[in-house]
Amino acid sequence: MANKVLVFLEQRNGKIKKSSLQAYKAGEKIAGFYGAEISAVTIGGEIEELEKVGNYGIKNVTHLKNSDLAVYSSSGYKKALADYVAEDGADVLIFANTAMGKDLAPRLAVVMDAGTGMDCIAFEKEEDDVVATRPVYAGKALIDVVIKSPKKIFTIRPNVFDAGEATGEAAEVTVKEISDVDLSAKVVEMKTSEGKLDVAEADIIVSGGRGMKGPENFAMIEELADLLGAAVGASRAVVDAGWRPHSEQVGQTGKTVSPNLYIALAISGAIQHLAGMRSSKYIVAVNKDKDAPIFQVADYGIVGDVFEVLPAIIEEVKKIKS
Amino acid sequence: MKIAVCVSHVPDTATRISIGADGKTIDTNGVTYVVNPYDEFAIEEALKTKESLGGEVVVISLGPDANKETIRKALAMGVDTGVLLKTDEQRDSLAVAKALAEEIKSQGAEIVFFGKQSVDYDNSIVGQLTAELLGYNSVTVVVDLKIEGDKVTAEREIEGGKEVVETTLPVVITAQKGLNEPRYASLKGIMAAKRKPIEEKEPASAENYVEVLRMKKPAPKQPGKIIGTDASAAAELVRLLREEAKVI
């Protein structure tokens, strides 16, 4: 059983992330199963128009505020959140499964002595238990788990639950100034890849494989990605060859992604790559080998030479975007 | 300086997964097990840290006898000693972390490396759990690391960039691909590893909080349509993405 569900809303640069709003929807489902209350909490310095999270069904949000917590600190966030959980009495804690969520959730698990279900994609009620489904082996299999400890933590895979359309409602915001900040681990510098979308967060990914023949040919992939507002992805072979950075690698030893659209260009579809992208909503494959495994998961395929097909796709996209 | 590296023994990433007879775990028949890929970066970083700071590296793994293969691989790369926390039972992440934390404490290790996640259960939390149980600082998903005296500077990968984190010893670091280039074990290293001790111990007992009810295969994806065999198909593709899928 559980009485209080608390959803952690992640902010970066003072803006609440979409993945947290999606996580709140999963939280509503869990709270519904238990007949539990639900609320939200965020940590940061100044946060823009926090009441607007009400648009996505959030009624109450507490802002744990200190300018030293404007950027993430594992120690600072852990302490602030642990203190709040102790006071609030939440017994189910929910995070988005992001870099921050993955770092922070287990820290609270120790504080709360809670069992943890990471990267959940579905919840069902079976008798009195909430059963969480999560991918294992990079999505080659799924497991259904129950958490038996009284306190429970779940993280929610981004882009699986729909945050919904804005309703125009405003959330009630409670600001709590935090005075005692633990900065024993402190971010001293952020190195951002300016203007570049990350594959983990993108709605569309344009990804290239070894069939692109060389790093210089990724200029075409970048062009298509720019036109579509997409992130650039890469297969392991491409990253291992040093053509693209590891942060773009999709697959079992890279990132597991589920965008709305995944365009696989000259990627044959090794099992570890398919594991990382097969849950994408729509998959397009262009490959000259008609037997390439990528066509087994593709919604739309073109069997052909990427150096002829890709420039044609770019031209067609330019037409609809102009 | 005592340095520890915690490793897991996992199915090779090229493995096709089928469900075992218990309906809760994979069928291990014919599956090749390897050092967890991210743990190779952890082992390499432990060795580099020893080379610059001096001291000794111990590799720790929790699991069945078969995990000795992975321990032996770490010893062959240059790790000094090995500990197998031997159990045939499945443990959840927190129960694993509780046993590892006890062992790290008894080893007196002040710098501890993990891979950022095991590619079997993909939780990516054992490093953080262990750090919190020990009361150590920790930085996860690290792609660059400097340790000078007590001061630790680590770069961790986040969405669309990197955070440079400063903290102090004792510390747990979880390694991401890109942190280093893992060395190959030399023939001499492989021979030497055969003589290095692997101590077997009973892991500290801990209750599982997470129970696996069942394992299942994801719904198979229906293969779609081949639109064409040359550049002339591009227009139809873009039309379908726009009008049928409505994703662009």
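What counts and what doesn't
- Residues numbered from 1 in each chain as written.
- Chains lettered and ligands numbered in written order.
- Predicted model: local features only at pLDDT ≥ 70, side-chain atom pairs only at ≥ 80, totals over all residues.
- Helix = DSSP H or I, 4+ residues; strand = E, 2+ residues; numbered from the N terminus.
- Rg over C-alpha atoms; globule rule 2.2 N^0.38 Å.
- Buried ≥ 20, exposed ≤ 12 C-beta atoms within 10 Å, placed from the backbone.
- Contact = placed C-beta atoms within 7 Å.
- Pairing = 2+ DSSP bridges.
- Axes fitted to C-alpha atoms, helices over the stretch in contact; angles between N-to-C directions.
- Domains from an automatic or database assignment.
- Nonpolar A, V, L, I, M, F, W, Y, C, P; charged D, E, K, R; others polar.
- pLDDT = per-residue confidence, 0-100.
- Parallel < 35°, antiparallel > 145°, perpendicular 65-115°, else oblique.
- Left-handed = near helix turned anticlockwise from the far one by under 90°.
- Expected span 1.5 Å × (residues − 1).
- Arc of directions from axis to C-beta.
- Core = buried A, V, L, I, M, F, W, Y, C linked by C-beta atoms within 7 Å.

Asker: Please explain the overall build of chain A as it appears in this structure.
Answerer: When helices and strands are counted, chain A shows eight helices and 18 strands. On C-alpha atoms alone, chain A measures out to a radius of gyration of 21 Å, which is about the 20 Å that the 2.2 N^0.38 rule sets for 322 residues. When burial is assessed residue by residue, chain A has 56% of its 322 residues classed as buried. Contacts spanning at least 24 positions in sequence make up 66% of the contacts within chain A whose residues lie at least 6 apart.

Asker: Whenever I open this one, the overall build of chain B confuses me. Can you help?
Answerer: Scanning chain B from N- to C-terminus turns up six helices and 13 strands. For chain B, the spread of C-alpha atoms along the principal axes amounts to about 65 × 45 × 40 Å. Across the 248 residues of chain B, 50% fall into the buried class. At a minimum sequence separation of 6, the contacts of chain B that also span at least 24 residues come to 72%.

Asker: What is the right way to look at the pairing of strand S6 (residues 92–96) of chain A in this model?
Answerer: Looking along a regular strand, one sees the side chains alternate between the two faces of the sheet. All names here are of chain A. Of all five residues in S6, five are buried; the element is thus mostly enclosed. Along S6, one buried face is formed by Val92, Ile94 and Ala96 and the opposite face, lined by Leu93 and Phe95, is buried too. Two strands pair when backbone bridges link them, and strand S1 (residues 4–9) and S6 are joined in this way by three bridges, in the parallel orientation. Paired with leucine 6 across the two strands is leucine 93, which belongs to S6.

Asker: What exactly am I supposed to notice about the sheet that holds S1 of chain A here?
Answerer: Residues and elements named next belong to chain A. Taken together, the seven strands give an open sheet; going across it, the order is S7-S11-S6-S1-S4-S5-S12, and neighbouring strands pair in parallel fashion. Here the strands that pair on one side only, and so sit at the sheet edges, are strand S7 (115–120) and strand S12 (172–177). Each adjacent strand pair in this sheet contributes to an overall mean axis angle of 20 degrees, direction not counted. Two elements, strand S5 (residues 60–65) and S12, share six bridges in a ladder whose sense is parallel. Across the sheet, the residue bridging to histidine 63 is valine 175, located in S12. Contacting S1, strand S4 (37–44), S6, S7 and strand S11 (152–156), helix H1 (residues 18–34) crosses the sheet at an angle of about 150 degrees to S6.

Asker: Would you take a moment to explain the domain arrangement of chain A for this structure?
Answerer: Note on interface size: it is often stated as the accessible area lost on association of the parts. Residues and elements named next belong to chain A. You can read the domains of chain A as domain 1 (4–177) and domain 2 (204–321). Inter-centroid distance (C-alpha atoms) of domain 1 to domain 2 is 32 Å. Contact with domain 1, which involves seven residues of that partner, is made by nine residues of domain 2. Among the residues making up the side of domain 1 that touches domain 2, the classes are represented as three nonpolar, two polar and two charged.

Asker: How do you make sense of the interface of chain A and chain B when you look at a structure like this?
Answerer: Taken together, the contact between chain A and chain B spans 77 residues of the former and 71 residues of the latter. Pairing of strand S18 (residues 300–303) of chain A with strand S13 (residues 225–228) of chain B involves three bridges; the strand directions are parallel. If you follow glycine 301 of chain A over to S13 of chain B, its bridge partner there is isoleucine 226 of chain B.

Asker: What should I look at first to understand the confidence of the model for chain B in this one?
Answerer: Keep in mind that low pLDDT regions are not for reading the predicted coordinates in detail. Confidence in the prediction for chain B averages 96 pLDDT; 100% of positions are at 70 or higher. Under the prediction, the complex receives an ipTM of 0.95, its pTM being 0.94.

Asker: Sorry if this is basic, but what is going on with the packing of helix H3 (residues 99–112) of chain A against helix H4 (residues 126–134) of chain B here?
Answerer: Angle between the axes and distance between the axes: these two values describe a pair of packed helices. Interhelical geometry of H3 of chain A versus H4 of chain B gives an angle of 40 degrees and a closest axis separation of 8 Å. Classed by the angle they form, the pair H3 of chain A and H4 of chain B counts as oblique. Of the two elements, H3 of chain A crosses H4 of chain B, and the hand of that crossing is right-handed. Within the contact between the two elements, H3 of chain A uses Asp103, Pro106, Arg107, Ala109 and Val110 of chain A and H4 of chain B uses Gln128, Leu129, Glu132 and Leu133 of chain B. Tallied by class, residues from the contact of H3 of chain A with H4 of chain B come to five nonpolar, one polar and three charged.

Asker: How should I be thinking about the sheet that holds strand S15 (residues 231–234) of chain A in this particular structure?
Answerer: Sheet strands associate in pairs through backbone hydrogen bonding, adopting either a parallel or an antiparallel arrangement. Reading across the sheet, the six strands line up as S15(A)-S14(A)-S16(A)-S17(A)-S18(A)-S13(B) and stay open at both edges, with parallel pairing between neighbours. Of all the strands in the sheet, the pair left with one neighbour each is S15 of chain A together with S13 of chain B. Neighbouring strand axes in the sheet, compared pairwise and without regard to direction, differ in orientation by 20 degrees on average. In this structure, strand S14 (residues 204–208) of chain A lies alongside strand S16 (residues 261–265) of chain A, joined through five bridges in parallel fashion. Residue pairing for S16 of chain A: serine 207 of chain A is matched across the bridge by alanine 264 of chain A. Across the sheet, helix H4 (residues 218–228) of chain A is in contact with S14, S15 and S16 of chain A; its angle to S14 of chain A comes to roughly 175 degrees.

Asker: Is there a simple way to explain the environment of valine 206 of chain A in this structure?
Answerer: Residue and element names in this part refer to chain A. Locating valine 206 in the fold gives a position in strand S14. Taking C-alpha positions, valine 206 is 36 Å from glutamate 169, a pair spaced 37 residues apart along the chain. Once residues within four sequence positions are removed from consideration, valine 206 is found in contact with Ile221, Leu224, Ala225, Leu228, Ala230, Val232, Gly233, Ile263 and Leu265.

Asker: I'm lost on helix H8 (residues 306–321) of chain A in this one. Help?
Answerer: Given 3.6 residues to a turn, an α-helix orients residues that are three or four positions apart in the same direction. All names here are of chain A. Under the 1.5 Å per step criterion, the end-to-end length of H8 is 22 Å for 16 residues, consistent within 8% with the ideal 22 Å. Listed as buried for H8 are Val306, Val309, Leu310, Ile313, Glu316 and Val317. One face of H8 carries all of its buried residues, which in axial projection span an arc of 125 degrees.

Asker: Would you take a moment to explain the nonpolar core for this structure?
Answerer: Across soluble globular proteins, you tend to see nonpolar side chains buried next to one another. Counting 185 residues, the largest nonpolar core has Ile94, Val206 and Leu265 of chain A together with Val5 and Leu237 of chain B as its most contacted members. Setting aside anything within four residues of it in sequence, one finds leucine 237 of chain B in contact with Val284, Tyr300, Ile302 and Ile313 of chain A together with Ile227 of chain B.

Asker: Looking at this model, I keep getting lost on the packing of helix H3 (residues 93–107) of chain B against H4 of chain B. Mind explaining?
Answerer: Residues and elements named next belong to chain B. Relative orientation of the contacting elements H3 and H4 amounts to 50 degrees, with a least axis distance of 8 Å. One way to sum up the angle between H3 and H4 is to call them oblique. The handedness of the crossing between H3 and H4 comes out as right-handed. Contact residues: H3 offers Ser93, Leu94, Val96, Ala97, Lys98, Leu100, Ala101, Ile104 and Lys105, while H4 offers Val126, Leu129, Thr130, Leu133 and Leu134. Residues belonging to the contact of H3 with H4 are distributed by class as follows: ten nonpolar, two polar and two charged.

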